[in-house]
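Each chain is listed here by its residues.
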Amino acid sequence: MAQQIPSITRRFVAEFIGTFGLLFAGAGAIMIDEISGGATTNVGIGLVFGLTVAAMIFATGHISGAHINPAVTIGFALARHFPWKLVPLYWGAQLLGATAACLVLRGLFGNVADMGATLPGADEWVVVSFEALLTFFLMFVIMAMATDVRAVGAAAALAIGGTVGLASIFGGEISGASMNPARSFGPALVSGSWTAHWAYWTGPIAGAAVAAFTYAWLRESNAMPPSEEQ
């Protein structure tokens, strides 16, 4: 019996929920850290982002692919693993989910810590380069987990979530380690904190695009003849 493909509406809702969850937990952790006087810590915030991504992949990956990130959606489309006609739909769901989560957080806590906005801790060009590099490695892992049958599918959520968590801990003080335009857009819109916002679109999209092409090339060039695949 052929597997039924989820409807466009179900994919939209899954992407909305996944991105909502990411921002509600991740941006919420930054806000609670501010409210509590630093009790959550940078490491704790990174773990929240990573674990939330892993949870959302487990929950929605079989429905929408759990992109929950416009840069990932573009990367998949450029690598021909996702139809271009669905890119606007996914972007809309992701941006709406991120914004809705931040509106809920503002209703709960007020405009604390700029709603967890990603703000530059260095020169803007350093930030855009840093975001591009972080997103390159994230997308590289995602491509391996999502598109290569030789990768262990059950480990995808943990591998991708672990990458997000490590990058957040490592890069949070420099750029906020967004790697995700929706993750930056929601807090910026709700708090009005637009400082260097262009970097949080340009860097992640560029990094994801290069990573998608790089992994596709590596997989193609490393493909072994059937007689050698033992």
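Every chain's residues receive numbers from 1 upward, in the order its sequence appears when written. Two thresholds apply to this predicted model, a pLDDT of at least 70 for residue-level local features and 80 or more for giving and counting side-chain atom pairs, whereas whole-chain, interface and lining totals are computed over all residues. Processing note: side-chain calculations cover all non-hydrogen atoms of the structure and skip hydrogens and water entirely.

Topic: the overall build of the chain
Working step 1: When helices and strands are counted, the chain shows 8 helices and 0 strands.
Working step 2: Helices and strands in the chain line up, N terminus first, as α-α-α-α-α-α-α-α.
Working step 3: Values of the radius of gyration come from C-alpha atoms, whereas the globule rule sets the reference at 2.2 Å times the count of residues to the power 0.38. For the chain, the C-alpha radius of gyration of 17 Å lies close to 17 Å, the compact-globule estimate for 230 residues.
Working step 4: C-alpha extents for the chain along the principal axes are approximately 60 × 40 × 30 Å.
Working step 5: Taken over 230 residues, the chain has a buried fraction of 49%. Here a strand is any run of E in DSSP of at least two residues, a helix any run of H or I of at least four, and the numbering for each starts at the N terminus. When accessible area is computed with a 1.4 Å probe and restricted to protein chains, residues below 20% of their type maximum are described as buried, those above 50% as exposed, and intermediate ones as partly exposed.

Observations regarding the layout of surface pockets
Working step 1: Here the second largest pocket is characterised by a volume of approximately 400 Å³.
Working step 2: Put simply, the parts of the chain that give the lining of the second largest pocket at least two residues each are helix H1 (8–35), helix H2 (41–64) and helix H6 (156–175). In this analysis the probe radius is 1.4 Å and the grid spacing 1 Å, with only protein atoms considered; a cavity is a set of points the probe fits into but cannot get out of, a pocket is an open set with protein on both sides within 12 Å along at least five of seven lines, and lining residues have an atom within 4 Å of a point. Grid points are joined across faces, edges and corners, and a volume is the space filled by probe spheres set on the points.

Some details on the confidence of the model for the chain
Working step 1: On average, the chain scores 90 in pLDDT, and the residues at 70 or more come to 91%.
Working step 2: Values of pLDDT, the confidence the predictor places in each residue, fall between 0 and 100. In what follows, a contact means two residues having at least one pair of non-hydrogen atoms within 4.5 Å. Contacts of residues 224–230 to residues separated by more than four positions or lying in other chains number 1 contact, the stretch itself having pLDDT below 50.

A few points about the packing of helix H4 (residues 87–109) against helix H7 (residues 181–191)
Working step 1: In this analysis an axis means a line fitted to C-alpha atoms, helices contributing only their contacting stretch, and an angle means the value between N-to-C directions, from 0 to 180 degrees. Contact geometry for H4 and H7: axes closest at 8 Å, N-to-C directions at 45°. When the axis of H4 is compared with that of H7, the two are oblique. Read as a crossing pair, H4 and H7 show a hand that is right-handed. Seen from H4, the contacting residues are Gln 94, Leu 95, Ala 98, Thr 99, Cys 102, Leu 103 and Arg 106; seen from H7, they are Ala 182, Phe 185, Gly 186, Pro 187, Leu 189, Val 190 and Ser 191.
Working step 2: Partitioned by chemical class, the residues of the contact of H4 with H7 number 9 nonpolar, 4 polar and 1 charged. Note on angle classes: values under 35 degrees are labelled roughly parallel, values over 145 roughly antiparallel, values of 65 to 115 roughly perpendicular, and the remainder oblique. By the definition used in this description, the sense in which the near helix is turned from the far one sets the handedness, with an anticlockwise turn below a right angle giving left-handed and a clockwise turn giving right-handed. Only Asp, Glu, Lys and Arg are considered charged, only Ala, Val, Leu, Ile, Met, Phe, Trp, Tyr, Cys and Pro nonpolar, and every remaining residue, Gly among them, polar.

Brief notes about the environment of Val 164
Working step 1: Following the sequence through the fold, Val 164 ends up in helix H6.
Working step 2: Spatially, the C-alpha atoms of Val 164 and Leu 47 are 8.5 Å apart, while their sequence positions differ by 117 residues.
Working step 3: Those residues within four positions of Val 164 in sequence are excluded, and the remaining contacts are Phe 49, Gly 50, Val 53, Leu 138 and Met 179.

Things to note about unusual backbone geometry
Working step 1: Even without glycine at this site, Ile 68 takes up a positive phi of about 40°.
Working step 2: Within the secondary structure, Ile 68 is located in the loop between H2 and helix H3 (70–78).
Working step 3: Positive phi is not limited to glycine here, since Met 115 has a value of about 60°.
Working step 4: With respect to the secondary-structure elements, Met 115 resides in the loop between H4 and helix H5 (124–147).

Considerations on the packing of aromatic side chains
Working step 1: Here is the rule: rings of Phe, Tyr and Trp (six-membered ring for Trp) pair when centre to centre is within 6.5 Å. Planes less than 30 degrees apart are stacked, more than 60 are edge-to-face, and the remainder are tilted. Scanning the model with the defined rule gives 10 aromatic pairs in all.
Working step 2: Plain terms: the ring middles of Phe 185 and Trp 194 are 6.0 Å apart, the flat faces sit at 65° to each other, and that makes the pair edge-to-face.
Working step 3: Here the aromatic cluster, defined as three or more aromatic residues joined through ring pairs, consists of Phe 136, Phe 137, Phe 140 and Tyr 215.

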